[in-house]
Amino acid sequence: MTESIALPLHMWRAGFDPAPELEALRDEEGIRRITTTLGFDAWLVTRHDDVRAVLGDAERFSNDWQSHYPVPGDPYRTEEEKARLRAGNLLSFDPPEHTRIRRILTPEFTLRRMRRLEPRITRIVEDHLDAMEKAGSPADLVSSFALPIPSLVICELLGVPYADREDFQRRTGRLLDLSLAPEERIAAQRESRQYMAELVAHVKSDPGEELLGMLVREHGDELSDDELAGIGSLLLVAGHETTANMLGIGTLALLRHPDQLDLLRKEPERVEAAIEELMRWLSIVHSGGFRMATTKVEVAGQVIEPGELVLCSLPAANRDAAFVPDPGRLDITRGAYGHMAFGHGVHHCLGAPLARMEMRVAFPALLRRFPGLRVVDPEAHFRTFHVVYGLTSLQVAW
């Protein structure tokens, strides 16, 4: 339960903003040792240039930390099961293993490939707007718009039956909810992996044109069944969680900043720059995941020893005055290209082109359809203990 778990500093928020304590850390010492929800300590890095340096250095800051640290709940899993659950998960590996899998996937996520999906994404968005309009005002924007659109897109891309969406959304919610006991989250991971393993077996018997079918047809001799299940599991979670939360909290941010909303309505060609600024300003992913120092290294004047863990605060880094002037101000005219909301380095988000396209279609369509869109519930319902920050609900009217 949340009452028994202390929220670590890198997850502290004040509405849309990083908590004042987190911003003070960035502006003063820049780095501090904190206790994480997993029970062990890590160095929290907060300044833009330092975060960029850590995330960009896969040689000195390894993603393969789970081989060295016992995660709570792991005693319930055998070493063989741990290895199987890690297989195919790009976030668990360093080059060259990471490079091998990413090289296979990258061609499927180029901007050119994503543009082929644009007509279908546009249809999905319009269908959900039609349903909202038919159901009438008010509506929960999260459940009726922000969550189902990216879920349907990633289902179609991967080849996951959309009828299964409620189950995988439930499992994902448990997996990423840090208020739950480690055993509950591990159980959700097991369920998710079992589901994907069964789907992979089905796809292998009859591969279609979706991403999993393509991987089986073109790379079946390079990828094990466990790797295929791991790739599918990661893309399914990452492909709907981040975009769904950006659509919800991003809409609220615009509604709370009517000058920026009016500018975007009047000049819709600014949508791409607006998305980059919203990504920077909100930074819904708290950190880039654990990194483990492989050698003695100095960050922000602090010596980090080999084997010590490092966390990077993306919200603090993206609100660093050394990166953009007046960083606490939402300003869609600047675009803020170079932010690290999608990460940085070899682990930069593979699905970033897809997420950008979904937002580029969805935000303008929502604002066009409901020019009088407004928030009904004045209290924003933020997800505090979640790996991906966002809203549990957003009641709107038009």
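These numbers were taken from a predicted model, which means no experiment stands behind them. (Residues numbered from 1 in each chain as written. Predicted model: local features only at pLDDT ≥ 70, side-chain atom pairs only at ≥ 80, totals over all residues. Heavy atoms only, no water.)

*Asks:* Explanation requested: the overall build of the protein in the structure shown.
*Replies:* The secondary structure content of the protein amounts to 15 helices and 14 strands. In summary, the protein has a C-alpha radius of gyration of 21 Å against a globular reference of 21 Å for 398 residues, a match within 12%. Dimensions of the protein, computed from the C-alpha atoms along their principal axes, are close to 60 × 55 × 40 Å. Accessible surface, the protein as shown: approximately 17,000 Å² in total, 52% of it carbon and sulfur. Put simply, the protein has 46 plus and 61 minus side-chain charges, and the middle of one group is 3 Å from the middle of the other. (Helix = DSSP H or I, 4+ residues; strand = E, 2+ residues; numbered from the N terminus. Rg over C-alpha atoms; globule rule 2.2 N^0.38 Å. Areas by Shrake-Rupley, 256 points an atom, 1.4 Å probe, with all protein chains shown as cover. Lys, Arg positive; Asp, Glu negative; His and termini not counted. Charge placed at Lys NZ, Arg CZ, Asp CG, Glu CD.)

*Asks:* Please explain the sheet that holds strand E14 (residues 395-397) as it appears in this structure.
*Replies:* Taken in spatial order, the three strands make up an open sheet running E6-E14-E11, and their pairing is antiparallel. Of all the strands in the sheet, the pair left with one neighbour each is strand E6 (139-140) and strand E11 (374-375). Strand direction decides the pairing type here: E11 and E14, joined by two bridges, are antiparallel. For Arg-374, the partnering residue across the bridge sits in E14 and is Ala-397. (Pairing = 2+ DSSP bridges.)

*Asks:* What is the right way to look at helix H7 (residues 148-158) in this model?
*Replies:* Helical geometry: 3.6 residues make up each α-helical turn, so side chains three or four residues apart lie on a common side. For H7, the buried fraction is high: ten of the eleven residues fall into the buried class. When we look at burial in H7, the residues that qualify are Pro-148, Ile-149, Pro-150, Ser-151, Leu-152, Val-153, Ile-154, Cys-155, Leu-157 and Leu-158. Against helix H5 (111-135), helix H6 (141-146), helix H8 (165-175), helix H10 (211-219), helix H11 (225-256) and helix H15 (352-369) lie the buried residues of H7. Trailing H7 by a residue or two, Gly-159 shows a phi angle of about 100 degrees, which is positive. (Buried < 20%, exposed > 50% of the residue type's maximum accessible area, 1.4 Å probe, protein only. Contact = heavy atoms within 4.5 Å.)

*Asks:* What is the right way to read the state of the cysteines from this model?
*Replies:* The final tally for this structure, using the stated rule, is zero disulfides. Take Cys-155: it sits in no disulfide, and the sulfur closest to it among the cysteines is that of Cys-349, at 17 Å. Free cysteine: Cys-349, not disulfide-bonded; nearest cysteine sulfur from Cys-312 at 16 Å. Relative accessible area serves as the criterion here: at 30%, Cys-349 is assigned to the partly exposed category. (Disulfide = S-S within 2.5 Å.)

*Asks:* Is there a simple way to think about the pairing of strand E3 (residues 31-35) in this case?
*Replies:* Two faces, one strand: in a regular strand the side chains alternate between the faces of the sheet. Sheet topology places E3 next to strand E4 (residues 41-45); five bridges connect them, and they run antiparallel. Opposite Arg-33, over in E4, you have Trp-43 as the bridge partner.

*Asks:* What is the right way to look at the environment of Val-346 in this model?
*Replies:* For Val-346, the location among the structural elements is in the loop between helix H14 (314-318) and H15. A relative accessible area of 36% places Val-346 in the partly exposed class. In the structure, Val-346 is positioned 52 residues away from Trp-398 in sequence and 43 Å away in space, judged by C-alpha atoms. Setting aside its immediate chain neighbours within four residues, Val-346 contacts Ala-58, His-98 and Arg-102.

*Asks:* Looking at this structure, I do not really get unusual backbone geometry. What am I missing?
*Replies:* One can expect most non-glycine residues to show negative phi and most peptide bonds to be in trans. Each neighbour pair has its own omega, and for Pro-95 with Pro-96 the value is 10 degrees, a cis peptide bond. Across the junction of Ser-137 and Pro-138, the peptide omega takes the value 0 degrees, indicating a cis bond. On the secondary structure map, Pro-138 appears in the loop between H5 and E6. Here Ser-283, not a glycine, exhibits a phi torsion of approximately 40 degrees, which is positive. Within the secondary structure, Ser-283 is located in the loop between helix H13 (271-282) and strand E7 (291-293). Positive phi values are uncommon outside glycine, yet Ala-300 reaches one of about 55 degrees. On the basis of relative accessibility, which here comes to 28%, the residue Ala-300 falls in the partly exposed class.

*Asks:* Just checking my understanding: could you explain the nonpolar core for this structure?
*Replies:* Nonpolar side chains in soluble globular proteins tend to be buried together. Counting 88 residues, the largest nonpolar core has Val-125, Phe-145, Val-160, Met-196, Leu-215 and Leu-282 as the members making the most contacts within it. At 14 residues, the largest contribution of residues to this core is made by H11. Core analysis: the next-biggest nonpolar cluster, separate from the first, contains 16 residues, Val-45, Val-54, Leu-55 and Ala-317 among them. (Core = buried A, V, L, I, M, F, W, Y, C linked by side-chain atoms within 4.5 Å.)

*Asks:* Would you explain the packing of aromatic side chains in this entry?
*Replies:* In this description, an aromatic ring pair is defined by two values, namely the gap between the centres and the angle between the planes. One pass over the full model with this rule turns up seven aromatic pairs. Across from the ring centre of Tyr-389, 4.4 Å away, lies the NZ or CZ of Arg-13, which sits over that ring. (Phe/Tyr/Trp six-rings, centres within 6.5 Å; stacked < 30°, edge-to-face > 60°. Lys NZ or Arg CZ within 6 Å of the ring centre and 35° of its normal.)

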